Amino acid sequence: MAVKVHETGYGKWKVPVIIIAVIVVLSLAGTGILLSDSLGVSIEEGSKRIEVAEGDGTSSVAKLLKDNGIIKYPLLFKVQSKLGGYDGNFQPGAATIDDGMSYSDILNLIITPSREAAKITIPEGYEIKQIAQKLDEAGIVSWQDFYAALNPDDYDYAFLKNLPERDGRMEGYLFPATYEIPNGMSAHDIIDLMLAAFDNQFKPEYYERATELGLTVDEVITMASIVERETDSGTERAKVAGVFYNRRNSGMKFQSCATVQYILGERKPVLSIADTQIDSPYNTYMYAGFPIGPICNPGTECIEAALYPEATDAYYFVLGKDGSHIFSKTYEEHLAAMQSTEQNISVDDSAIENQDSLKQ
């Protein structure tokens, strides 16, 4: 049984209109009127950036290009799109059209997913919350989506296995680097990109070295994160790590101001006694040994400092007036160093314990 299909007026005349348009376009192209524009658009600024919206069709894109002064002949653009099979394949997102691009070049560009990449630098020592904020401010992904994707069980990396339960379980593993993030990349994929960078930087011999030290990878990264936050000096990092290992091996508390700053969520120049008495597994003034996890995302130099610490007899250090640290073996030496650099003391000195084992 034949079924009669009702057609709109446009649908009824769609094919003939396209045929007529093609004839007109070919005729004009034959005279050279359209040829120069279709083979190479002229953009005075050198390039223009457009935003293709979700669901935009050929007519909408043609109008967008015309309104932005990129193409002169929307009809020619639509015909080339139809004949080339581009219709219905336009991908949403930003696209930069350069001077001299042909209509075909433009069409090929806007059917390409993830065609633009945003370059963003994550500095060494950034915390997860700072990374999330930076990505949000750059318009790459919202901080809410970023936090929602921070589940280590969703990623297949050896270093994420058996992490202790804690807030911010993936702190320390989002490797600081400069990334080119394609337009439209999900929060999960961005995190995976950073984890892959960590995986690439944490070499097989680093796992072996951690075992030699009797440490887990998580403890190595925790130490590296403390070193990252305690000093900016590349020449001091291994020695700072050596001091903290000395304190750990002797049963002393780390007493790292950086761990308390992490709890506070701010970098106070001077910590109060009350700050150092906050009950938290990150507080190395209250609890001996490593805090429960990393306090930032360290770079390669600090990871290597944690793996290959400098042998030292120092158990203390304080920031000197010249920006470098003064290292001391005994508590008395440390007190003298603190007094000589009084304006640089980073914690109320009465909050520092008298370490009886080192008062000789």
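Heads up: the structure comes first, above all this text.
The structure reproduced in this document is the subject of the present report. Given the structure is predicted, the values throughout are model-derived calculations rather than measurements. (Residues numbered from 1 in each chain as written. Predicted model: local features only at pLDDT ≥ 70, side-chain atom pairs only at ≥ 80, totals over all residues. Heavy atoms only, no water.)

Below, the discussion takes up the nonpolar core. Counting residues in hydrophobic clusters, the biggest one holds 58 residues, and the most contacted among them are Leu-135, Phe-146 and Leu-195. Listed by contribution, the elements that provide at least two residues to this core are α6 (128-137), β4 (178-182), α8 (187-201), α9 (204-213), α10 (217-230), α11 (237-249), α12 (257-264) and α14 (300-307). Every residue in contact with Phe-146, bar those within four places of it in the chain, is listed here: Ile-128, Ile-131, Ala-132, Leu-135, Val-141, Leu-174, Ala-187, Ile-190 and Ile-191. In this structure, Val-41, Val-52, Tyr-86 and Tyr-103 belong to the second largest nonpolar core, which totals 20 residues. (Core = buried A, V, L, I, M, F, W, Y, C linked by side-chain atoms within 4.5 Å. Buried < 20%, exposed > 50% of the residue type's maximum accessible area, 1.4 Å probe, protein only. Helix = DSSP H or I, 4+ residues; strand = E, 2+ residues; numbered from the N terminus. Contact = heavy atoms within 4.5 Å.)

Across the eight residues that make up α12, a large majority, six, are buried. Of the residues making up α12, those classed as buried are Cys-257, Ala-258, Thr-259, Val-260, Gln-261 and Tyr-262. Summarising the contacts, the buried residues of α12 are in contact with α10 and α13 (273-276). Positive phi shows up at Gly-265, right after α12, with a value of about 80°.

Following the criterion strictly, the structure yields 11 salt bridges and no others. Ionic pairing is found between Lys-268 and Asp-275, a salt bridge with its closest N-O pair at 2.7 Å. By relative accessible area, Lys-268 is classed as partly exposed at 24%. Look at the salt bridges and you will find they share partners, linking Glu-228, Arg-237 and Glu-301 into a network. (Salt bridge = Lys/Arg side-chain N within 4 Å of Asp/Glu carboxyl O.)

Glancing now at unusual backbone geometry. One non-glycine residue, Asn-162, lies in the positive phi region at around 60°. As for its placement among the helices and strands, Asn-162 is situated in the loop between α7 (143-148) and β4. Positive phi outside glycine occurs at Gln-255, with the angle close to 50°. Following the sequence through the fold, Gln-255 ends up in the loop between α11 and α12.

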